[in-house]
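Geometric and topological summary
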Amino acid sequence: VSRLLYLLQQESSSTELRTECAVVLGSLAMGTENNVKSLLDCHIIPALLQGLLSPDLRFIEACLRCLRTIFISPVTPEDLLYTDATVISHLMALLSRSRYTQEYICQIFSHCCKGPDHQTILFNHGAVQNIAHLLVSTSYKVRMQALKCFSVLAFENPQVSMTLVNVVVDGELLPQIFVKMLQRDKPIEMQLTSAKCLTSMCRAGAIRTDDSCIVLKTLPCLVRMCSKERLLEERVEGAETLAYLIETDVELQRIASITDHLIVMLADYFKYPSSVSAITDIKRLDHDLKHAHELRQAAFKLYASLGANDEDIRKKIIETENMMDRIVNGLSESSIKVRLAAVRCLHSLSRSVQQLRTSFQDHAVWKPLMKVLQNAPNEILVVASSTLCNLLLEFSPSKEPILESGAIELLCSLTQSENLALRVNGIWALMNMAFQAEQKIKSDILRGLSTEQLFQLLSDSDVNVLMKTLGLLRNLLSTRPHIDHIMSTHGKQIMQAVTLILEGEHNIEVKEQTLCILANIADGTTAKELIMTNDDILQKIKYYMSHSNAKLQLAAMFCISNLIWNEEEGSQERQDKLRDMGIVDILHKLSQSSDPNLCDK
Amino acid sequence: GWDKHSYGYHGDDGHSFCSSGTGQPYGPTFTTGDVIGCCVNLINNTCFYTKNGHSLEKLRINVNSFLFFFPQSNLYPTVGLQTPGEIVDANFGQQPFVFDIEDYMREWRAKIQSTIKRFPIGDRLGEWQAMLQNMVSSYLVHHGYCSTAAAFARVTDTTIQEEQTSIKNRQRIQKLVLAGRVGEAIEATHQLYPGLLEHNPNLLFMLKCRQFVEMVNGTDSEVRCFSARSPRSQDSYPGSPSLSPRHGSNNSHVHSTGADSPTCSNGVMSTKSKQSCSKYPALSSSSSSSSSSSPSSVNYSESNSTDSTKSQQHSSTSNQETSDSEMEMEAEHYPNGVLENSSTRIMNGTYKHEEILQTDESSMEDNCPQRQLCGGNHAATERMIQFGRELQTLSEQLCREYGKNTMHKKMLQDAFSLLAYSDPWNCPVGQQLDPIQREPVCAALNSAILESQNLPKQPPLMLALGQASECLRLMARVGLGSCSFARVDDYLH
């Protein structure tokens, strides 16, 4: 190899010889991964890139072919392409040389474009303009590689996607060209890849979700890719792309759910390896096994997207044969990808109140879910914990058993996570858990969380965490005995926290939530005193009563009303005190206000 | 969908009904404002419904089984309504469908075509190749492309069953017919295949009718000899069709070359091919008859002056034509003549060269619209009328011997009708004058000759083609849908 490389780099050797060297090296690279590794160790890439500067086209093509083979190998780090900025621009320039340079360069780009950084680099070097016209090349291979290039360039990249919609090639807009490539008599690979391009463009907002090229072309094409007639790889890719396309749009979810019985079709994804293949054909079994995980996770993902918003679709999914069992099994699979997808699917389905009460309960979904939550990687935890949030809703029959299996401790630990989403979900779940809960649960939560942690959360930089924490407090501080009990133990700290937030720079929702907490406190029998004795707080309530925002006014009013409630002992004194503060004047003013809610009192 | 052999999709519950009162959960419900479509696929016997352009699941139907047993039974679109005052718009394609049916059809067309393309022949590859070669070779032989056939046989290492002489004779006769010189063709047939036309009075009548038409046209030798023009120019009449039959062609693309330019290179080619031909001496044996009749140029130029020697000379003329207006391969296969008598050959070449100039002029004339009856010659017209009388007599005679024949009557009537118009070329029956009409006559004659030689009257290729077309027709009749995506025409270019 080193001799070949030496000859290749020798300017003095004839181009024929150098070309042959590149060809031989390319053949070596076609071999095992180890071959590629050792070629990489010999610094073959810089040598070949150097070769691209040659004036001889045949030599350039040979170098490119070899580079292509090396770059499409999984052992080659993509970054090697980006070490020298001039390389990309030189490759762009070579795109015009011949159909072979076009094919190889596009192939290199599509394999080496991983993530937004690479996308941006290629985009900034004019990849879109340089490659667009290759989509109408006479060579199928060039067209295909150019298409692949666009599918990776546009993937989750709004900038590229927005540019693509307006590109015109041969008098046709790029989306129209993609739609042509979706036609059913085109090779499957081409249909699938152009569907991916259109999907990316749609998700980026470059094409509307109700555009006919999405609704009547891309979506049906992707559904077709999920059918039994397609290869396993194509079915996986088709389902994943479709899941991505419809993820956030209810209308597309509805259309997909009725197209070609997709929901039933997806159930077949779980039938690999089939019992037949196990007996008859070892090769087939191997093939099936290899794809079985991929198929399952793709199906879960697509089910998750389908059921994200529409209750009827969720019902249809759950009614599919053995669906809940499959999810439950999926939760305990060894493959992280499958587990994650299964949790996502479960999460999507858990948004249904009816299902929470029925099939979720019948299948004791909470058990495997709690198991998943132990020692799982963060990405799974995020989805699993938000599923748990739903399962802990007050009406969910799973709430009890989940509590019994140590959920409080788990959730409390989540609130200490570095990961923001986990903190939100943890505290959210706790909030749900505390809603109309028994005294014991509430104390358990408070104990598990510890006041320090609670304060920590109240000073969290994220509004969501703060809101949920306040929500938790509010849920904890409901029904009179609970309020008095908690305030007797943690009164001081809570009052401090409330003061802090009311004084701090927070948005209106946060303040409103805080005032509601105060209102709850004011509802307590003994807890009232904590407010009445705190002039600072009373002044704040008074301030918010004349605040410009009606919601805040209303919340503050609740506090007052709770404080002066007539039927309670000592109400007279409190009324007197408040009157002294001039609250009555404000009330008079408010009673003349136009807002009926405010006039209430 | 409740009745036997009926299928339905109900809007109230979204169920599908397949010849049964109990439905299966199928699709969404539908109501006023929805567009519901139904697509029956006769290839795989499925049907699916669409709602607002989205296809729902495909269902199996058994259209075929009962179409097969009861070809008269068919599927009919039906819509059932429940609400009074309901209005339904039916679209059978007069407006574009919401569902992209074109795309669906494209998929199936591609599927069927790839099935045909990838038809498994297993390890019978050799057999197939031999068969295909045989088909091509027999086709060439049938239509008298004898040199091409010989070259093909040489390359593919196969043998030709029919004798070269026989092929050449047929070729000659066919050429005469296609050049519109039917009289000579009849004469040649009498000479080469005595008894053939006598046993085929229908064929003879057809030929004679054609001859009459060609007389009107001014192309037949009996009238041409009166013409002021050089007969040679008539030979290369630009409208004369080529030998091989056209499939569904019209006149528009006939003879743009007018057979002029290839002639020029022919003389040169022949000398060149001398060397290459000598490599295959075995093949040179059979062309004796044609080389023997090869005329000298002197002889030829006088040939049209007298009627008596007419047929003799014209057969020789045709022979020359063979070597000049046919493809250059032709030249290779006169090695006999060339080797023995190369001086004549070269003279031929130069002689022709002079001719070309003439041909060019005359073909220009031919293209101009002032065509005249029988070439505008009075004597020729009289000859034609006389011939017409003979034809009438023949018809009456045939009628007496074999009974009435409406076909004959029609032919005769059509042919005579030409005289009723001042410009026969632009009259309702003027189509007869189109050179393309010579083809069926030519093919019939060719087939008859072959039959008389105990050879197939149709080449296997044409038989296969016919079988394929017939097979497709049969498929269509019994409702096998794939036939609609496998048109024979798609494979003929």
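Residues numbered from 1 in each chain as written. Chains lettered and ligands numbered in written order. Predicted model: local features only at pLDDT ≥ 70, side-chain atom pairs only at ≥ 80, totals over all residues. Heavy atoms only, no water.

The name an unreviewed UniProt entry gives chain B is RBP10 protein, with Crypturellus undulatus as the organism. Its UniProt record gives chain B a comment under Sequence similarities (unreviewed entry), which states: "Belongs to the RANBP9/10 family." (UniProt positions renumbered as here; feature names shortened; annotations may be inferred.)

If you check an unreviewed UniProt entry, chain A appears there as Armadillo repeat-containing protein 8 from Crypturellus undulatus.

What follows concerns the environment of A:I445. Residues and elements named next belong to chain A. Checked against the element boundaries, I445 lands in helix α30 (residues 439-449). On the basis of relative accessible area, I445 is assigned to the buried category, the value being 0%. Expressed as a C-alpha distance, the spacing of I445 and L430, which sit 15 residues apart in the sequence, is 7.4 Å. Contacts of I445, omitting those with residues within four sequence positions, involve I408, C412, L430, M433, A434 and L472. (Helix = DSSP H or I, 4+ residues; strand = E, 2+ residues; numbered from the N terminus. Buried < 20%, exposed > 50% of the residue type's maximum accessible area, 1.4 Å probe, protein only. Contact = heavy atoms within 4.5 Å.)

In this section: the packing of helix α3 (residues 125-142) of chain B against helix α21 (residues 460-477) of chain B. Residues and elements named next belong to chain B. At a closest axis distance of 7 Å, the pairing of α3 and α21 adopts a crossing angle of 110°. Looking at the two axes, α3 sits roughly perpendicular to α21. Across the interface between the two elements, M135, S138 and Y139 of α3 pack against P460, L461, M462 and A464 of α21. Grouping the constituent residues of the contact of α3 with α21 by class yields 6 nonpolar, 1 polar and no charged. (Axes fitted to C-alpha atoms, helices over the stretch in contact; angles between N-to-C directions. Parallel < 35°, antiparallel > 145°, perpendicular 65-115°, else oblique. Nonpolar A, V, L, I, M, F, W, Y, C, P; charged D, E, K, R; others polar.)

On to the interface of chain B and chain A. The partner chain A presents 14 residues to the 19 residues of chain B that form the contact. Contact between chain B and chain A buries roughly 1400 Å² in total, counting both sides, with carbon and sulfur atoms accounting for 48%. Of all residues in chain B, B:H54, B:R106 and B:E107 give up the largest surface area on contact with chain A, accounting jointly for 35% of the area buried on that side. Taken together, the links from chain B to chain A amount to 5 salt bridges. Where chain B packs against chain A, one counts 5 residue pairs in polar contact (both at pLDDT 80 or more). Breaking the side of chain B that touches chain A down by element, the ones donating at least two residues are β6 (54-60) and α2 (101-117) of chain B. Of all the elements, α2(B) adds the most residues to the side of chain B that touches chain A, at 6 residues. Across the side of chain B that touches chain A, the residue classes tally to 8 nonpolar, 4 polar and 7 charged. (Buried area = accessible area lost by both parts, 1.4 Å probe. Salt bridge = Lys/Arg side-chain N within 4 Å of Asp/Glu carboxyl O. Polar contact = N/O pair within 3.5 Å; in protein donor to acceptor, adjacent residues only side chain to side chain.)

All names here are of chain B. Taken in spatial order, the 3 strands make up an open sheet running β1-β2-β3, and their pairing is antiparallel. Two strands lie at the open edges of the sheet, namely β1 (7-9) and β3 (24-25), each paired on one side alone. Alignment of β1 against strand β2 (residues 15-18), held across 3 bridges, turns out to be antiparallel. Residue pairing in the sheet places G8 in a bridge with F17 of β2. (Pairing = 2+ DSSP bridges.)

Right, let's get into the pairing of β2(B). Residues and elements named next belong to chain B. Here β1 hands over to β2 after 5 residues, with G14 in that stretch at a positive phi of 75°. Across 2 bridges, β2 lies against β3 in antiparallel orientation. Counterpart to H15 in the pairing with β3 is P25. Taken together, β2 and the strand that follows it, β3, pair antiparallel across an intervening segment of 5 residues, in which S19 is found at a positive phi of about 50°.

With that settled, consider the pattern of salt bridges. Oppositely charged side chains may form a pair once their charged atoms are brought near each other. Inspection of the entire model under this criterion finds 29 salt bridges over all chains. When the shortest N-O distance is used, the salt bridge between A:R184 and B:E107 registers 2.8 Å. Of this pair, A:R184 sits in the loop between α12 (174-181) and α13 (188-203) while B:E107 sits in helix α2, which puts the two residues in different chains. A salt bridge links A:R254 to A:E251; the shortest N-O distance between them is 3.5 Å. On the criterion of helical spacing, the pair formed by A:R254 and A:E251 is a turn pair, its members being 3 residues apart in helix α16 (residues 250-258). A relative accessible area of 38% means that A:R254 is categorised as partly exposed.

The next subject is the confidence of the model for chain B. When pLDDT is averaged across chain B, the result is 68; 65% of the residues are at 70 or more. We note a pTM of 0.69 for the whole complex and an ipTM of 0.72 for its interfaces. (pLDDT = per-residue confidence, 0-100.)

Looking now at empty space enclosed by the protein. For the coordinates displayed, the defined rule picks out 6 cavities of 30 Å³ or more. The volume enclosed by the largest cavity comes to roughly 150 Å³. Lining of the largest cavity is provided by 15 residues; of these, A:R184, A:L216, A:P220, A:R224 and B:F99 occupy positions nearest its centre. Considering every element that reaches the lining of the largest cavity, the biggest residue donor is helix α14 (residues 212-225) of chain A, with 5 residues. (1 Å grid on protein atoms, 1.4 Å probe; cavity = no way out; pocket = protein on both sides within 12 Å on 5 of 7 lines; lining within 4 Å. Points joined across faces, edges and corners; volume = space filled by probe spheres on them.)

It is characteristic of soluble globular proteins that their nonpolar side chains tend to be buried jointly. Judged by nonpolar contacts, the single largest core of 213 residues is most densely connected at A:L306 and A:L518. Contact partners of A:L518, with chain neighbours within four places excluded, come to A:M495, A:V498, A:L502, A:I531, A:I537, A:I541 and A:C559. Membership of the second largest hydrophobic core comes to 23 residues, among which are A:I258, B:Y49, B:L56 and B:F485. (Core = buried A, V, L, I, M, F, W, Y, C linked by side-chain atoms within 4.5 Å.)

Another point: the layout of surface pockets. Residues and elements named next belong to chain B. What the second largest pocket holds in volume is close to 1200 Å³. What lines the second largest pocket is a set of 25 residues, and nearest its centre among them are I116, W128, A464, A468 and Y491. Where the lining of the second largest pocket is concerned, the elements lending two or more residues are α2, α3 and α21. In terms of residue class, the lining of the second largest pocket is built from 20 nonpolar, 3 polar and 2 charged.

Together, A:V1, A:V24 and A:L28 line one region of the surface with nonpolar side chains, adding up to about 200 Å² of accessible area. Among the secondary structure elements, A:V1 is positioned in the segment before α1 (2-9). (Patch = residues over 30% accessible without salt bridge, like charges linked within 9 Å, V, L, I, M, F, W, Y side chains within 5 Å. Areas by Shrake-Rupley, 256 points an atom, 1.4 Å probe, with all protein chains shown as cover.)

For the rest of this paragraph, the subject is unusual backbone geometry. All names here are of chain A. Phi angles above zero are rare outside glycine, and E156 is one such case at about 50°. A residue is classified by how much of its surface remains accessible, and E156, at 52% relative accessible area, is exposed. Here the phi dihedral of D260 falls at roughly 50°; this positive angle occurs in a residue that is not glycine. Inspection of the secondary structure assignment puts D260 in the loop between α16 and α17 (262-267). Given the relative accessible area of 17%, D260 is considered buried.

Our focus in this paragraph is α30(A). Residues and elements named next belong to chain A. When α30 is considered as a whole, its buried residues turn out to be I441, K442, D444, I445, L446 and L449. Residues of α30 that are buried sit in contact with α27 (399-404), α28 (407-414), α29 (420-434), α31 (451-458), α32 (463-476) and α33 (480-503). Positive phi shows up at S450, right after α30, with a value of about 65°.

What follows is about the packing of aromatic side chains. According to the stated counting rule, one finds 13 aromatic pairs over all chains in the structure shown. An aromatic cluster is defined as three or more aromatic residues linked by ring pairs; in this entry it consists of B:Y9, B:Y26, B:F30 and B:Y49. Taking the ring centre of A:Y100 as reference, the NZ or CZ of A:R99 above it sits at 5.1 Å. Above the ring of B:W108, the side-chain terminus of B:K111 is found at 3.9 Å from the ring centroid. (Phe/Tyr/Trp six-rings, centres within 6.5 Å; stacked < 30°, edge-to-face > 60°. Lys NZ or Arg CZ within 6 Å of the ring centre and 35° of its normal.)

Consecutive residues of a regular strand have side chains that alternate between opposite faces of the sheet. Residues and elements named next belong to chain B. Of the two faces of strand β4 (residues 36-41), the one lined by G37, C39 and N41 is fully buried and the one lined by I36, C38 and V40 carries no buried residue. Across 6 bridges, the pairing between β4 and strand β5 (residues 46-51) is antiparallel. Paired with I36 across the bridge in β5 is K51. Between the antiparallel neighbours β4 and β5 lie 4 residues, among them N45 with a positive phi of about 55°.

Once that is clear, we can look at the sheet that holds β4(B). All names here are of chain B. An order of β4-β5-β6 is seen for the 3 strands of this open sheet, with the pairing classed as antiparallel. Of all the strands in the sheet, just β4 and β6 have a single pairing partner and so form its edges. Pairs of neighbouring strands in the sheet enclose a mean axial angle of 20°, with direction left out of account. Bridge count between β5 and β6: 5 bridges; the pairing is antiparallel.

The next subject is the side chain of A:S161. Residue and element names in this part refer to chain A. Tracing the backbone through its elements, the reader meets S161 in helix α11 (residues 158-165). With relative accessibility at 0%, the residue S161 sits in the buried group. In this structure the side chain of S161 is engaged in a polar contact, spanning 2.9 Å, whose partner is the backbone oxygen of N157. Those residues in contact with S161 that sit more than four places away from it in its chain are A154, S200, M201, A204 and A206.

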